[in-house]
There are 2 protein chains.
Amino acid sequence: MKTDPELRLVEEHLRRSGFRWTSQRALIVRTALGTHEHFTAEQLLQLCRRLDPDISRATVYRTLQVLEAAGFVAGLDAGSGGRRFEHVIGHADHEHMVCEACGAIVEFHEPGLARRLLGAAARAGFRVARHSLRVYGTCRDCARRGGGP
Amino acid sequence: MKTDPELRLVEEHLRRSGFRWTSQRALIVRTALGTHEHFTAEQLLQLCRRLDPDISRATVYRTLQVLEAAGFVAGLDAGSGGRRFEHVIGHADHEHMVCEACGAIVEFHEPGLARRLLGAAARAGFRVARHSLRVYGTCRDCARRGGGP
DNA sequence: GTGCGTGCAAAATATTTGCAACGTC
DNA sequence: GACGTTGCAAATATTTTGCACGCAC
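Let me begin by describing the structure that accompanies this report.

How each quantity is defined
- Residues numbered from 1 in each chain as written.
- Chains lettered and ligands numbered in written order.
- Predicted model: local features only at pLDDT ≥ 70, side-chain atom pairs only at ≥ 80, totals over all residues.
- Heavy atoms only, no water.
- Salt bridge = Lys/Arg side-chain N within 4 Å of Asp/Glu carboxyl O.
- Helix = DSSP H or I, 4+ residues; strand = E, 2+ residues; numbered from the N terminus.
- Buried < 20%, exposed > 50% of the residue type's maximum accessible area, 1.4 Å probe, protein only.
- Near = heavy atom within 4 Å.
- Polar contact = N/O pair within 3.5 Å; in protein donor to acceptor, adjacent residues only side chain to side chain.
- Arc of directions from axis to C-beta.
- Contact = heavy atoms within 4.5 Å.
- Nonpolar A, V, L, I, M, F, W, Y, C, P; charged D, E, K, R; others polar.
- Axes fitted to C-alpha atoms, helices over the stretch in contact; angles between N-to-C directions.
- Parallel < 35°, antiparallel > 145°, perpendicular 65-115°, else oblique.

What follows deals with the pattern of salt bridges. Residue and element names in this part refer to chain A. By the definition in use, this model includes 8 salt bridges over all chains. Put simply, glutamate 12 and arginine 16 hold a salt bridge, and the shortest N to O gap is 3.3 Å. One end of the pair is glutamate 12 and the other is arginine 16, both in helix α1 (residues 5-16) and 4 residues apart, which spans about a single turn. With a relative accessible area of 39%, glutamate 12 lands in the partly exposed category. Overall, the relative accessible area of 67% leaves arginine 16 in the exposed class.

The full set close to DNA strand D counts 23 residues, and Arg20, Arg25 and Thr59 of chain A together with Arg15 and Tyr61 of chain B are the nearest of them. Among the atoms of DNA strand D lying within 4 Å of the protein, the sugar-phosphate backbone contributes 67%. In this structure, tyrosine 61 of chain B approaches DNA strand D through a side-chain N or O atom, which is 2.5 Å from a phosphate oxygen. For the surface near DNA strand D, the secondary structure elements donating two or more residues are α2 (23-34) and α4 (57-70) of chain A together with α4 (57-70) of chain B. If you tally residues by element for the surface near DNA strand D, the top one is α4 of chain B, at 5 residues.

Moving on to helix α3 (residues 41-51) of chain A. All names here are of chain A. Turning to α3, its buried residues are Ala41, Leu44, Leu45 and Cys48. The buried residues of α3 all sit within an arc of 105° when viewed along its axis, so they share a single face. Looking at the buried residues of α3, the elements they touch are α2, α4 and β2 (84-87).

On to the protein's contact with DNA strand C. In the vicinity of DNA strand C, 23 residues are found, and the nearest of them are Arg15, Arg20 and Tyr61 of chain A together with Arg20 and Thr59 of chain B. Protein-proximal atoms of DNA strand C, defined as those within 4 Å of the protein, fall in sugar or phosphate at a share of 63%. In the model, a base nitrogen of DNA strand C is placed 2.7 Å from a nitrogen or oxygen of the arginine 20 of chain B side chain. Contact distances for DNA strand C include 2.9 Å between a base nitrogen and a side-chain N or O atom of arginine 62 of chain B. For the surface near DNA strand C, the secondary-structure elements that each account for two or more residues are α4 of chain A together with α2 (23-34) and α4 of chain B. Among the residues making up the surface near DNA strand C, the classes are represented as 6 nonpolar, 8 polar and 9 charged.

Let's shift gears to the packing of α2 of chain B against α4 of chain B. Residues and elements named next belong to chain B. Orientation of α2 relative to α4, taken along the N-to-C sense of each, is 70°, at an axis distance of 10 Å. Taken together, α2 and α4 sit at an angle that is classed as roughly perpendicular. Each of Gln24, Arg25, Ile28 and Val29 in α2 lies in contact with α4, whose residues at this interface are Thr59, Val60, Thr63, Val66 and Leu67.

In structure tokens form, the structure reads like this:
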């Protein structure tokens with residue numbers, strides 16, 4: 001099995017924070033990290049169950065809380081159908097475009113944006129922990145198909 | 001009662017879109033616009049009930065769906081305890097810094113940001129309608145007082 | 001008058017919690 | 001061995017829906 005440095009990073013951090021590292025948590029974290037899409041708690045549960053059919057829904061929810069508090073996972077703007085999550089590691093410095101026609105979420109990278117935010121914040125005496133940028137509109141396909149607004 | 005131009009704007013738009021303008025919708029929109037920051041559906045319901053104790057939870061939910069589709073209200077990253085919403089009107093061309101220690105919300109303006117977003121989006125074939133940028137961290141006062149993270 | 005919108009209550013979803021057993025430190 | 005974690009099931013919380021009636025258009 002691939003030794004995933006990101007997995008190690010999470011393990012390291014959780015241990016240092018006084019959390020225990022269990023096979024369930026490893027599975028959940030590995031699954032979350034390996035999921036490129038944005039997922040709901042339920043979807044993550046189903047993915048995990050492919051490898052461990054006995055894992056409990058409650059464990060997934062509880063682990064997501066831990067991971068969110070630790071900053072390894074972040075909640076997204078949810079339409080209906082439950083909260084969406086994404087893992088944060090390795091996703092540094094990217095933003096999200098949300099297509100309002102088809103619901104697709106496209107990631108994009110805007111170089112230097114983070115630096116400029118830090119600069120603007122520093123001028124206001126603000127210490128930045130993280131940020132959330134979301135661009136709403138119409139994606140290429142929907143614009144072509146429907147014409148859009 | 002104050003004639004709220006933003007309220008008029010919403011009414012105008014909804015009417016034009018074929019929705020009916022009812023006393024309940026007026027109350028919900030007025031309340032949402034008058035609410036400073038994020039609220040859950042339940043909180044909005046309680047606020048509305050101070051003025052109309054008979055308004056139904058379902059009506060608030062249904063109206064929120066309409067307002068969200070129309071772009072007057074947007075879903076936020078939800079912690080636990082249900083989706084959070086915020087109203088969108090009047091938020092043009094400035095961004096928000098949110099202090100996680102005291103809850104203060106500081107607005108700031110980052111010149112050229114909108115232009116760069118449009119550029120990045122255009123490269124991806126994305127047509128931008130609006131965006132939402134939120135910077136989370138510690139404000140000057142809280143950093144000085146508590147030290148922060 | 002024609003429907004959309006509303007209220008109510010019930011249904012469907014989503015999330016949290018109590019507790020005994022279990023596994024990590 | 002102590003104590004955080006897990007699974008299960010039940011409890012809560014949140015959101016949606018069916019239906020009869022009322023109101024905006």
